[in-house]
Amino acid sequence: MKKNITVILGDGIGPEVTRQSLKVLDAVAEQFNHEFNYTYCLMGADAIDKTGNPLPDETIESCLHTDAVLFGAIGHPKYDNDPTAKVRPEQGLLKLRKSLQLYANIRPIITYPSLHHLSPVKSKNLEGVDFIIFRELTGGIYFGRKEMNEEKTQASDDCVYTKPEIERIAHLAFRYAQQRRKKLTLVDKANVLETSRLWRKVVQEIAPQYDDVTVDYLFVDNAAMQIILNPKQFDVVLTENMFGDIISDEASVLSGSLGLLPSASVGTGTALFEPIHGSYPQAAGKDIANPLGSILSTAMMLDYLNMREEASLVRQAVDWTLQNGFVTKDIDSINFYFTSTIGELIADFVNNKITGEVNKKNIELRKSTII
Ligand code: IPM
Ligand code: MG
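As a starting point, this report considers the structure included with it. In this text, all values refer to a predicted model and were calculated from it rather than measured experimentally.

**Some points on the overall build of the chain**
1) Next: Counting its regular elements, the chain contains 14 helices and 12 strands.
2) Next: In summary, the chain has a C-alpha radius of gyration of 21 Å against a globular reference of 21 Å for 371 residues, a match within 12%.
3) Next: In terms of principal-axis extent, the alpha carbons of the chain reach across some 60 × 50 × 40 Å.
4) Next: Buried residues in the chain amount to 54% of all 371 residues.
5) Next: Accessible area for the chain stands at about 16600 Å²; split by element, carbon and sulfur atoms hold 51% of it.

This is how it looks when you write it as structure tokens:
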């Protein structure tokens, strides 16, 4: 198969983790006889530096006419600490989500037995955790009217949702639930917010169409607690934009590292794949960031491109690195491997170059405890 992929390396560690995904994609292409054509585009602080615009028109054009978008990370501290900045890197990502109508952000949460010790949650509560967060991505408080009075003493962000916006992601989440353990949890704040009451009403209206799926409802404050106390209870979690942003970072501590979590943003047009972590500027350029969030996002992209066997091989390769202690600094701060080494190992595994026992010594040479 031939596929065109728009690659946005982005900011901070974005370029170095995404390059590992490209190595893995090249290995997949070789192994399965595919052709991936990459078009590189700008977005974020990198784009502001080079063009003055966090999302140049050429980037939108390329994304609209490609088979999938692979994205690294966004953000730079010089904007985070300047609340008066008129142009911000994140505006680029929000505009791209809106332009591609990526209304659903899908964030799977699983745990790995070899990493249980990294999570602050007790191992017995981590075994068998496997849920998926459906976060609405193009509405709510992120996109409502924003105002600041002239004296700069009062500000507001409107949270608006329409019935069709809720319906389309709810249908998607219900269909996923049908393929899984058939449980859907709506996370909202319906005891306080009008928008949340609309979410509940719409989900209740739709539910009878999926009568094999059990639906329950949790207020977001309680959900935040339940994710830590009893994460096994969740199968598909459906929620609005802001709550989804918050609980997905929270849920990442179950896996052991934010660096492991992938995501897919899907909608009416091209889909976009990105790790859920940020640009982690302190690590940029040091070859220490965890590339697995990006590589697992690439696996989600392969699934989306209908390359299921390819996706499953990439996941198998990731599992193999974790099981054999080939991990980055976020996972083992003493015996860690470089970002680029993990990328190479996963590409080699995909290319069937890793057979039997690996001579760790050869790889050990590239291990560093200096940084
Ligand atoms: C995410 C990020 C973004 C968001 C930021 C970078 C705008 O935190 O994808 O979770 O808030 O959606
Ligand atoms: Mg976030």
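Having seen it, we continue.
**A closer look at the layout of surface pockets**
1) Next: Estimates place the volume of the largest pocket at around 1500 Å³.
2) Next: Around the largest pocket sit 49 residues that line it, and Asp 80, Arg 88, Glu 90, Leu 94 and Tyr 142 are the ones nearest its centre.
3) Next: Secondary structure elements with two or more residues in the lining of the largest pocket: β3 (68–73), α4 (77–80), α5 (89–99), β6 (146–148), β7 (155–157), α10 (241–255) and β12 (272–275).
4) Next: At five residues, α5 tops the list of elements feeding residues into the lining of the largest pocket.
5) Next: Looking at the lining of the largest pocket residue by residue, the class counts come to 21 nonpolar, 12 polar and 16 charged.
6) Next: Looking at the lining of the largest pocket, you find at least three residues from each of domain 1 (1–100 + 287–371) and domain 2 (103–136 + 162–266).
7) Next: Of the volumes computed, that of the second largest pocket is approximately 740 Å³.
8) Next: Around the second largest pocket, the lining comprises 27 residues; the ones closest to its centre are Pro 108, Tyr 176, Met 300, Asp 303 and Arg 315.
9) Next: The set of elements that each furnish at least two residues to the lining of the second largest pocket consists of β4 (104–110), β5 (130–136), α7 (163–179), β11 (262–266), α11 (292–304) and α12 (308–323).
10) Next: Residue composition of the lining of the second largest pocket, grouped by class: 18 nonpolar, two polar and seven charged.
11) Next: Each of domain 1 (1–100 + 287–371) and domain 2 (103–136 + 162–266) contributes no fewer than three residues to the lining of the second largest pocket.

**So, the packing of helix α1 (residues 14–32) against α11**
1) Next: Close contact between α1 and α11 brings their axes to 8 Å; oriented N to C, the two are set at 45°. In terms of orientation, α1 lies oblique with respect to α11. For the pair α1 and α11, the crossing hand works out as right-handed. Mapping the contact onto sequence places Val 17, Thr 18, Gln 20, Ser 21, Val 24, Leu 25 and Val 28 in α1 and Ser 294, Ile 295, Thr 298, Met 301 and Leu 302 in α11.
2) Next: Here the residues of the contact of α1 with α11 are counted per class, giving seven nonpolar, five polar and no charged.

**Notes on the packing of aromatic side chains**
1) Next: Per the counting criterion, the structure on display carries eight aromatic pairs.
2) Next: When the centroid spacing of 5.5 Å and the interplanar angle of 55° are considered together, the rings of Phe 131 and Phe 234 count as tilted. Taken as a pair, Phe 131 in strand β5 and Phe 234 in the loop between α9 (220–229) and β10 (236–239) lie far apart in primary sequence, 103 residues in all. Per residue, the accessibility class of Phe 131 equals that of Phe 234, and both read buried.

**Quick word on the site of ligand 1**
1) Next: The environment of ligand 1 is formed by Ile 74, Glu 90, Arg 97, Arg 107, Arg 135, Tyr 142 and Asp 245.
2) Next: A distance of 2.9 Å separates an oxygen atom of ligand 1 from a polar atom in the side chain of Arg 107.
3) Next: In this structure, an oxygen atom belonging to ligand 1 sits 2.5 Å away from a side-chain N or O atom of Tyr 142.
4) Next: When ligand 1 sits alone it has 320 Å² of accessible area, and the protein chains cover 79% of it.
5) Next: According to the grid-proximity analysis, the pocket containing ligand 1 is the largest pocket.
6) Next: Residues belonging to the shell around ligand 1 are distributed by class as follows: two nonpolar, no polar and five charged.
7) Next: Formed jointly, the shell around ligand 1 draws a minimum of three residues from each of two domains, domain 1 (1–100 + 287–371) and domain 2 (103–136 + 162–266).

Each value, and the rule that gives it
- Residues numbered from 1 in each chain as written.
- Chains lettered and ligands numbered in written order.
- Predicted model: local features only at pLDDT ≥ 70, side-chain atom pairs only at ≥ 80, totals over all residues.
- Heavy atoms only, no water.
- Helix = DSSP H or I, 4+ residues; strand = E, 2+ residues; numbered from the N terminus.
- Rg over C-alpha atoms; globule rule 2.2 N^0.38 Å.
- Buried < 20%, exposed > 50% of the residue type's maximum accessible area, 1.4 Å probe, protein only.
- Areas by Shrake-Rupley, 256 points an atom, 1.4 Å probe, with all protein chains shown as cover.
- 1 Å grid on protein atoms, 1.4 Å probe; cavity = no way out; pocket = protein on both sides within 12 Å on 5 of 7 lines; lining within 4 Å.
- Points joined across faces, edges and corners; volume = space filled by probe spheres on them.
- Nonpolar A, V, L, I, M, F, W, Y, C, P; charged D, E, K, R; others polar.
- Domains from an automatic or database assignment.
- Axes fitted to C-alpha atoms, helices over the stretch in contact; angles between N-to-C directions.
- Parallel < 35°, antiparallel > 145°, perpendicular 65-115°, else oblique.
- Left-handed = near helix turned anticlockwise from the far one by under 90°.
- Contact = heavy atoms within 4.5 Å.
- Phe/Tyr/Trp six-rings, centres within 6.5 Å; stacked < 30°, edge-to-face > 60°.
- Near = heavy atom within 4 Å.
- Polar contact = N/O pair within 3.5 Å; in protein donor to acceptor, adjacent residues only side chain to side chain.
- Sits in = over half its atoms within 2 Å of the grid points.

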